[in-house]
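# Coordinate analysis (summary)
Given next are the chains, with one letter for each unit.
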Amino acid sequence: MTALDTVSSSKSHGGVQGVYRHDSAATGTAMTFSVFVPPHVPGRRLPVLWYLSGLTCTSANVTDKGEFRAACVEHGIIFVAPDTSPRGEDVPDDPAYDFGQGAGFYVDATEKPWAAHFQMRRYIETELPEVIAKQFPQADMARQGVTGHSMGGHGALTIALRNPDRFRSVSAFSPIVAPMQCPWGQKALAGYLGADQARWRPYDACALIEDGARLPELLIDQGGDDPFLAEQLKPALIEDACRRAGMPLTLRMHPGYDHSYGFVSTFMAGQVGWHAARLKA
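Note on numbering: residues in each chain are counted from 1, in written sequence order. Only residues with pLDDT of at least 70 get local features here, since the model is predicted, and only at 80 or more are side-chain atom pairs given and counted; chain-wide, interface and lining totals rely on the full set of residues. To get the side-chain values, all heavy atoms of the structure are used, and hydrogens and water are removed first.

Looking now at the pairing of strand β4 (residues 46–52). Partly exposed describes any residue whose relative accessible area lies between the buried limit of under 20% and the exposed limit of over 50%, with all areas from a 1.4 Å probe on protein chains only and scaled to the type maximum. Going along the chain from the N terminus, every DSSP run of H or I of four or more residues is numbered as a helix, and every run of E of two or more is numbered as a strand. With seven of its seven residues buried, β4 lies for the most part within the structure. In the sheet, β4 pairs with strand β6 (residues 139–148) via six bridges, with the strands oriented parallel. Across the sheet, the residue bridging to Tyr51 is Thr147, located in β6. Strand pairing follows a simple DSSP-based rule, namely that at least 2 bridges must link the two strands. Examined bridge by bridge, β4 and strand β5 (residues 78–82) share three bridges and lie parallel to one another. When the sheet's bridge partners are listed, Leu49 is paired in β5 with Phe79.

The following block contains the structure:
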């Protein structure tokens, strides 16, 4: 495993907020992520909550604006926030905000030129958890939860549905629940994976549920005034998929809230507490 470089480290709420960089074998680039470790008794291992960010974001968006640290201290949870894509001068990009760097969609790309670096599924599912387990011995990898926002909500749902034994708790903020049925997802999946829609299904939460994937329960927080609600997010589709599958879903609609971190930060503490209740030893 390559060395881990500390980009920054600061005390916050009695714990340590760090930003780290390492060379990724999955993406073939340097990757940056943030980790908050709350104060804890030495030798005590703490559960881990993963947070996957949305389009245009890096790990800095939630680290700076997510307002998660006080809740993580209250409940004794380590908070890990990866980047959304590989980056760098040698990494292909697209002028649009919803494709290329900052828009990895948590897939393993198969199409040129994206396949060389855009291996975000492998990075999030396999490589980064190994880094966290090795570099943060206080992390209890037997107790993991995952959440995310928008594109990151799509990532959280699909990664959990593909790996149900890894996560004790799964939630999302304003997720793209059916990328095969919305413009953001159709563009990204076609670009990264090609025209064969059978190859898209492992990256669509509704399709995964239709194909038999199951979770014990699922929580979604959604702003009622989100401008992307009708065209891109379509939470009614996952309501229907869960109903037909008999899978418990709590969909909390919040009137007046949009798609921004004003919304995410308002309900972040509630989600951290929800995960904490399910991550207790």
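So, next bit.
Here the bend at each residue means the angle between axes fitted to two seven-residue stretches, the one ending at that residue and the one beginning there. Where helix α3 (residues 120–135) bends most, the angle comes to about 35°, and this point is Glu127, followed within four residues by the proline Pro129. Among all positions in α3, only Met120, Tyr123, Ile124, Glu125, Glu127, Leu128, Pro129, Val131 and Ile132 are buried.

Moving on: the side chain of Arg166. Tracing the backbone shows Arg166 in the loop between α4 (151–162) and β7 (169–173). We score Asp and Glu as negative and Lys and Arg as positive, and we do not count His or the chain ends. Salt bridges are defined as contacts in which a side-chain nitrogen from Lys or Arg sits within 4 Å of a carboxyl oxygen from Asp or Glu. Look at Arg166: it is buried, it has no salt bridge, and the nearest opposite charge is Glu125 at 6.5 Å. There is a polar contact of 3.3 Å between the side chain of Arg166 and the backbone oxygen of Glu125. Once residues within four sequence positions are removed from consideration, Arg166 is found in contact with Trp50, Ile124, Glu125, Pro129 and Gln144. We call two N or O atoms a polar contact when they sit within 3.5 Å, provided that within protein one can donate a hydrogen and the other can accept it, with sequence-adjacent residues counted only if both atoms are side-chain atoms. Contacts are assigned to residue pairs with any non-hydrogen atoms lying within 4.5 Å of each other.

Here the residue pair Lys112 and Pro113 is connected by a cis peptide bond, since its omega of -5° sits within 30 degrees of zero. With respect to the element layout, Pro113 can be found in the loop between β5 and α3.

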